[in-house]
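One-letter residues, chain by chain:
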Amino acid sequence: MNDFNNVNSVIKVIIGLKVKENSIVLDSTVGNGNDTEYLSSYLSSKGFIYGFDIQQSAIEATRARLSSIGFENFQLFLDGHENIDKYINREIDFAVYNLGYLPKADHTITTKSETTIQSISKAMDMLSIGGCICIASYISHDGGVEYRDVKNFLKSVNQQNFNIAEIDFINQKNFPAHLFIIEKRN
Ligand code: SAM
């Protein structure tokens, strides 16, 4: 098992570092529930997952997946992640964004710069000290528009409040996804 071969493997490394059994976590784009299920494996009954997606099928697939492994501490919302503040009134310790569209589904249903940035900004406001947000951003699906917009937004964030890094798999072909990592400073 390699730790650094793509965004998803690095996100797993960061989840291992940051997510504790009592963490409150957010999956902003649940899709087929891969990230949600992985997050649940770190949580005890003291932890909790909030999940969002705008596709009913994604919410149902994720609910079925969590139920099949007996995980109960979650709420899933069929709504855009730009509205997280309507549903979550507490600090979160970790959030993941897997941007773009769901593979093997309708490729026109995709995350978009404006709502993605609104959501990230709200999640940053909710983040606990030391908490972390991971954002997998794809370059190829929209000519890199969302990636560039998210990057420009993150570059403007005050470094006194957040540590922000970008991982680029520089020897890989075919425009591999980039990973943004946001950590709330002490
Ligand atoms: N993490 C997912 C998994 O493990 O399968 C994959 C996510 S997929 C790359 C992106 C998802 O974002 C799609 O399921 C899509 O419906 C969802 N999405 C698009 N716009 C959204 C929005 N404004 N709020 C929440 N989800 C959105």
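The structure we're discussing is the one just above.
All of the points below concern the structure found in this document. (Residues numbered from 1 in each chain as written. Predicted model: local features only at pLDDT ≥ 70, side-chain atom pairs only at ≥ 80, totals over all residues. Heavy atoms only, no water.)

**Quick notes on the packing of aromatic side chains**
Here's step 1: For the coordinates displayed, the defined rule picks out seven aromatic pairs.
Here's step 2: Between F48 and Y50 the ring centres are 4.9 Å apart and the planes differ by 55°, which places this aromatic pair in the tilted class.
Here's step 3: Residue F48 is classed as buried on the basis of its relative accessible area of 18%.
Here's step 4: The structure contains a cluster of three or more aromatic residues connected by ring pairs, namely F52, F77 and Y87.
Here's step 5: Its guanidinium or amino end placed over the ring of Y38, K12 lies 4.9 Å from that ring's centre, counting from NZ or CZ. (Phe/Tyr/Trp six-rings, centres within 6.5 Å; stacked < 30°, edge-to-face > 60°. Buried < 20%, exposed > 50% of the residue type's maximum accessible area, 1.4 Å probe, protein only. Lys NZ or Arg CZ within 6 Å of the ring centre and 35° of its normal.)

**What to know about the pairing of strand 3 (residues 74-78)**
Here's step 1: With five bridges connecting them, strand 2 (residues 48-53) and strand 3 associate as parallel partners. Residue pairing for strand 3: F52 is matched across the bridge by F77.
Here's step 2: In this fold, strand 2 hands off to helix 3 (residues 56-68), which returns the chain to strand 3; that crossover is right-handed. (Pairing = 2+ DSSP bridges. Helix = DSSP H or I, 4+ residues; strand = E, 2+ residues; numbered from the N terminus. Right-handed = clockwise from strand over helix to strand, strands pointing away.)

**Considerations on the site of the ligand**
Here's step 1: Around the ligand, the structure places 22 residues, and the nearest of them are N32, D35, D53, Q55 and H81.
Here's step 2: At a separation of 2.8 Å, an oxygen atom of the ligand approaches a polar backbone atom of N32.
Here's step 3: One nitrogen or oxygen atom from the main chain of H81 is found 2.8 Å from a nitrogen atom belonging to the ligand.
Here's step 4: Protein chains shield 95% of the accessible area of the ligand, which is 600 Å² for the free molecule.
Here's step 5: Its residues assigned to classes, the shell around the ligand shows six nonpolar, 13 polar and three charged. (Near = heavy atom within 4 Å. Polar contact = N/O pair within 3.5 Å; in protein donor to acceptor, adjacent residues only side chain to side chain. Areas by Shrake-Rupley, 256 points an atom, 1.4 Å probe, with all protein chains shown as cover. Nonpolar A, V, L, I, M, F, W, Y, C, P; charged D, E, K, R; others polar.)

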